[in-house]
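# Working through the structure, step by step
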Amino acid sequence: MRPTTRTRPIWAFLTGPYAVFLVFLLLVPFANVAMYSIHPYSPTRVFLPELTLDNYRKIFDLYYLRLFGRTLRLGLITTAVCVVLGYPLAYFLARAMPRVQALCLFLLIMPLMVSAVIRVFGWIVILGRKGLVNQALVALGLEPVKLLYSETAVVIGLVNIFVPFMVLPIMASIERIPPNLEEAAQNLGANWYQMFRRTILPLSLPGLISGCLLVYSLSISAFVTPALMGNARERMVGQQVYDEVLVSFNWPSASSLALTLVLLTVGLMFCALFASRHAGRQETAR
Amino acid sequence: MSARPPRLLLPFVVVVYIGLLAPLVVVVAVSFGPSAAFEFPPRGLTLHWFEAFFASQAFVTALFRVSLLVGLLSAALATVLGTSAALGLVRFRFFGREAVETFFLAPLLVPEILLGAALYLFYARLAIQASIWTLLWGHLVICTPYVIRSVTAGLVGQDPRLEEAAMSLGATRVQAFVKVTLPLLRSSLLSGAIFAFIISFSDINLALFLSGPGSTSLPVHIFSQIQWQGDPTIAAASSLQIVIIGILILVVQRIFRLRLVV
């Protein structure tokens, strides 16, 4: 009995179902998107047989260049703010007592899991015309300002949603640095800042890099935040894809945009994955 | 110069947490306030908006008939798919194993909004009408990797010799799995299932594309209500989601290591 069960490829039965599932609901749909993207748009017919690269050429039109430029720029600003806010938090969490760490981790992950819509809704209440910020300004005798529906609002929303994705990888890589390394550096005469710059910062670099790539690729593909907190004229690529699919029904154009963005983000995410794996290998090698 | 971390670290962390939690606190506070104009801080305490929530056919359908139903189905199916995939990846060595592993985590690398668009165009091509089923298939794509991660973490910490011992004592492979491995995996299975539920329950990016007229999920309904400038019933709906998710995350933290799943 046993030898025959050994030779049967049980792994294929186990991994098969999800693999088939992903082929049909991930690979085929994106292959379909790729197909759409090389066919011309027609307002009357869903599908025209001839091939074209016009949908990709269109990305170099001024409107789309601006769209991509704005998206990539907002992603960059979001990532930078996330580093500034997230790094100290990650250090704090990595070196906190277990109980404090558990509580803080809960408070970090709980908002992360709540739907983005709800967090954006909270910001709309805070930043709105009669919101918390403007109430405070009026109470101080200042003029209320228009905060919502601007790029600033979008960045605030994006940072709020994505900061945990920066904190978690950095925290993981700082935790791997033994605390007595910090003591050793300080025993050798370094003050805290010197120690930080020479030991913690370089050793946590893989976590920092994967956090940045993660936050960047998430924020350039954001939809809900710019759709609800942004200006209708300053849109991001995600909104353009949504509109072209569901509002103007220009599926070939939406497909070329989606495919460009997907290649960009998946490329970045693979780099992030590689950075964290590489860090893991270094650890096991030590 | 000080040898300890800067004194400003703790206040800084507190400020970041205030910013992080502010939107949730505000939403919950608004849902209990009497004003219809999203007033914060609220001037009183009322359950009016929760009554309005349960009186609204659209909100009740979105929560019970769509979001909870799809969430539970996603959790159940993702747990089966994900556990079997994790077992195959951890317990067996085969050619291309790493490639399969990367492929199985690929749904986490693809932006959800684009996956939603791609699935929408795919269903449209096949002329499949939007329903809770189209939503469920989409959610299974993004939920299963969380189960795989959680169960993989549980399996890696488990000695395969336990199963071998059961088999040498006369159990078949299946018996050994059901009586030894599965009970030991209990907490990572449950964590994976809970996370699958949460991912489905709070998803908006796929649901925006895959919800049909009768299958609008709670986040999508909240989204359209925000666009149409609805009343604090939105806040009540949001509070319900926050409470459900908060409790579930607490459970995961109790029984398993939260970070192994996220």
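What you see as residue numbers is a count from 1 along each chain, following the sequence as written. Lettering for chains starts from A, numbering for ligands starts from 1, and both go in the order in which the items are written. Given that the model is predicted, a residue must reach a pLDDT of at least 70 before its local features are reported, and side-chain atom pairs must reach 80 or more before they are shown or counted; all residues, however, enter totals for whole chains, interfaces and linings.

## Concerning the interface of chain B and chain A
- Each residue gets a C-beta atom placed from its backbone, and two residues are in contact if those atoms lie within 7 Å. Chain B puts 73 residues into the contact, and the matching count from chain A is 68 residues.
- Broken down by element, the residue count for the side of chain B that touches chain A peaks at 14 residues, all from helix H1 (residues 9-32) of chain B.
- A per-class count over the side of chain B that touches chain A returns 58 nonpolar, 11 polar and 4 charged. Helix and strand labels come from DSSP, where a helix needs a run of H or I of at least four residues and a strand needs a run of E of at least two; each type is numbered from the N terminus. Ten residue types, Ala, Val, Leu, Ile, Met, Phe, Trp, Tyr, Cys and Pro, are classed as nonpolar, four, Asp, Glu, Lys and Arg, as charged, and the remainder, Gly among them, as polar.

## With respect to the packing of helix H5 (residues 98-113) of chain A against helix H12 (residues 233-255) of chain B
- The axes are straight lines fitted to the C-alpha atoms, using for helices just the contacting stretch, and the angles between their N-to-C directions are given from 0 to 180°. Contact geometry of H5 of chain A with H12 of chain B gives a least axis separation of 10 Å together with a crossing angle of 135°. When the axis of H5 of chain A is compared with that of H12 of chain B, the two are oblique. Crossing geometry of H5 of chain A relative to H12 of chain B is assigned as right-handed. Within the contact between the two elements, H5 of chain A uses Ala 102, Phe 106, Ile 109, Met 110 and Met 113 of chain A and H12 of chain B uses Ile 245, Gly 246, Ile 249, Leu 250 and Gln 253 of chain B.
- Grouping the constituent residues of the contact of H5 of chain A with H12 of chain B by class yields 8 nonpolar, 2 polar and no charged. For classification purposes, angles smaller than 35 degrees are called roughly parallel, those larger than 145 roughly antiparallel, those between 65 and 115 roughly perpendicular, and all remaining angles oblique. In this scheme the crossing of two helices becomes right-handed for a clockwise turn of the near helix relative to the far one and left-handed for an anticlockwise turn of less than a right angle.

## Considering the nonpolar core
- Among the nonpolar cores identified, the biggest contains 159 residues, and Ala 258 of chain A together with Ala 117 of chain B are the most heavily contacted of them.
- Looking at this core element by element, the count peaks at 17 residues for helix H8 (residues 151-175) of chain A.
- Where each domain begins and ends follows an automated or database-derived domain assignment. Each of domain 1 (1-46) and domain 2 (48-261) of chain B contributes no fewer than three residues to this core.
- When neighbours within four sequence positions are excluded, Ala 117 of chain B is seen to be in contact with Val 241, Val 245, Ala 254 and Ala 258 of chain A together with Phe 209 of chain B. Nonpolar cores are built from buried Ala, Val, Leu, Ile, Met, Phe, Trp, Tyr and Cys residues. These are joined into a set through C-beta atoms within 7 Å. With C-beta atoms placed from the backbone, a residue counts as buried when 20 or more other C-beta atoms lie within 10 Å of its own, as exposed when 12 or fewer do, and as partly exposed for counts between those limits.

## Thoughts on unusual backbone geometry
- Non-glycine residue Phe 249 of chain A carries a positive phi angle of around 55°.
- Along the chain, the position of Phe 249 of chain A falls in the loop between helix H13 (237-246) and helix H14 (251-285).
- Residue Phe 249 of chain A is classed as partly exposed on the basis of its C-beta count, with 14 C-beta atoms lying within 10 Å.
- Of note, Ala 127 of chain B is a non-glycine position whose phi angle comes to about 55°, a positive value.
- In this fold, Ala 127 of chain B is placed in the loop between helix H5 (112-125) and helix H6 (132-156).
- By the C-beta count within 10 Å, which is 6 here, Ala 127 of chain B ends up exposed.

## Quick notes on the confidence of the model for chain A
- Confidence per residue, as judged by the predictor, is encoded in pLDDT with a range of 0 to 100. Averaged over all residues, the pLDDT of chain A equals 87, while 94% of them reach at least 70.
- This stretch, residues 1-5 of chain A, has a pLDDT under 50; its non-local contacts, to residues over four places away or in other chains, come to 1 contact.

## With respect to helix H2 (residues 10-37) of chain A
Residue and element names in this part refer to chain A.
- With 28 residues, H2 should cover 40 Å at 1.5 Å per step; its first-to-last C-alpha distance of 39 Å lies within 8% of that length.
- At Gly 16, H2 shows its maximal kink, close to 45°; a proline, Pro 17, follows between one and four residues later.
- Buried within H2 we find Leu 14, Thr 15, Tyr 18, Leu 22, Leu 26, Pro 29, Phe 30, Asn 32, Val 33, Tyr 36 and Ser 37. Take the residue count of a helix, subtract one, and multiply by 1.5 Å to get its expected span. What is called the bend at a residue is the angle between a pair of axes, fitted to the seven residues leading up to and ending at it and to the seven starting from it.

## Some points on the domain arrangement of chain B
Residues and elements named next belong to chain B.
- Domain annotation for chain B reports domain 1 (1-46) and domain 2 (48-261).
- Computed over C-alpha atoms only, the centres of domain 1 and domain 2 are separated by 29 Å.
- Taken together, the contacts link 10 residues of domain 1 with 9 residues of domain 2.

## Overview of the environment of Val 156 of chain B
Residue and element names in this part refer to chain B.
- Mapped onto the fold, Val 156 is located in helix H6.
- With 11 C-beta atoms packed within 10 Å, Val 156 lands in the exposed category.
- Sequence separation between Val 156 and Ala 176 is 20 residues; the distance between their C-alpha atoms is 17 Å.

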